[in-house]
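A closer look at the structure
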Amino acid sequence: MRSVKVISSVVCMLLVVVSTGCQSLDQFKKKVITETEKTASYTVDPDVEPVTMAQLIDEGRSDCFVFNGEVYQMQHEVKSDQVGRALGSVGEMYMVDQYGKRWSKQELKQPYVYANPQDVREKHPLQYGVVYQLKSTSAHSDQESVIIRFNHQYMLAIKSEL
């Protein structure tokens, strides 16, 4: 049974090579690579690393978030009647202290007991939820501004350049 599958795969490959007008497998490979390079669009720049939520929070920019590879900055709270259809979700939660320093996962697991009350670090949640389209924008707009559910509030956010 296995040999039948192998033979049928080889026959199928030969038919593809012959149907493209190539005399050898090397010529077929070159033709596939050439045609792929003509039609491929490269969108990832290897020199530019994408910004992450953790990096933004560590820089003190807890008012920003990353959605679909773009950085958005929250402006102000909006009413729930301005919320349009859901575009996606950030779905991340971080804890920061009273100074804006992010708690690491390891620090959150460890008990924290301090003898000096000045050393106590508070835990403030940053909950980034669902991202919505503005109700007033069209379905195919470029998403310059969106609404995000942040800490149980709807916040207007505008695309930011870092």
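The shown structure was predicted, so the numbers you read here are calculated from the model rather than taken from an experiment.

Counting 22 residues, the largest nonpolar core has Phe 65, Met 74, Val 90, Tyr 128 and Ile 148 as the members making the most contacts within it. When contributions to this core are tallied by element, the ones reaching two or more residues are helix 3 (53–58), strand 1 (64–67), strand 2 (70–77), strand 3 (83–96), strand 4 (124–134), strand 5 (145–150) and strand 6 (153–160). Among residues more than four places away in sequence, those in contact with Phe 65 are Met 53, Leu 56, Glu 70, Val 71, Tyr 72, Met 74, Val 90, Tyr 128, Val 131, Val 146, Ile 148 and Ala 157. Core analysis: the next-biggest nonpolar cluster, separate from the first, contains seven residues, Val 78, Val 83, Tyr 154 and Leu 156 among them.

With that settled, consider the pattern of salt bridges. Applying the stated criterion to the full structure yields five salt bridges. In this structure, Asp 58 engages Arg 102 in a salt bridge whose closest nitrogen and oxygen atoms are separated by 2.9 Å. Taken together, the residues Asp 58 in helix 3 and Arg 102 in the loop between strand 3 and helix 4 (105–109) connect sequence positions 44 residues apart. By relative accessible area, Asp 58 is classed as partly exposed at 48%. Classification of Arg 102 by relative accessible area gives partly exposed; the value is 24%. Put simply, Glu 144 and Lys 159 hold a salt bridge, and the shortest N to O gap is 3.9 Å.

This part is about the sheet that holds strand 2. Ordered by their spatial adjacency, six strands build an open sheet running 1-2-6-5-4-3, and the pairing between neighbours is antiparallel. Two strands bound the open sheet, and with one partner strand each, they are strand 1 and strand 3. Neighbouring strand axes in the sheet, compared pairwise and without regard to direction, differ in orientation by 35 degrees on average. Here six bridges tie strand 2 to strand 6, and the two strands are oriented antiparallel to one another. Its bridge partner lying in strand 6, Met 74 is registered against Ala 157.

Quick notes on the rules
- Residues numbered from 1 in each chain as written.
- Predicted model: local features only at pLDDT ≥ 70, side-chain atom pairs only at ≥ 80, totals over all residues.
- Heavy atoms only, no water.
- Core = buried A, V, L, I, M, F, W, Y, C linked by side-chain atoms within 4.5 Å.
- Buried < 20%, exposed > 50% of the residue type's maximum accessible area, 1.4 Å probe, protein only.
- Helix = DSSP H or I, 4+ residues; strand = E, 2+ residues; numbered from the N terminus.
- Contact = heavy atoms within 4.5 Å.
- Salt bridge = Lys/Arg side-chain N within 4 Å of Asp/Glu carboxyl O.
- Pairing = 2+ DSSP bridges.
- Axes fitted to C-alpha atoms, helices over the stretch in contact; angles between N-to-C directions.

By themselves, these are just geometric observations and shouldn't be taken as functional.
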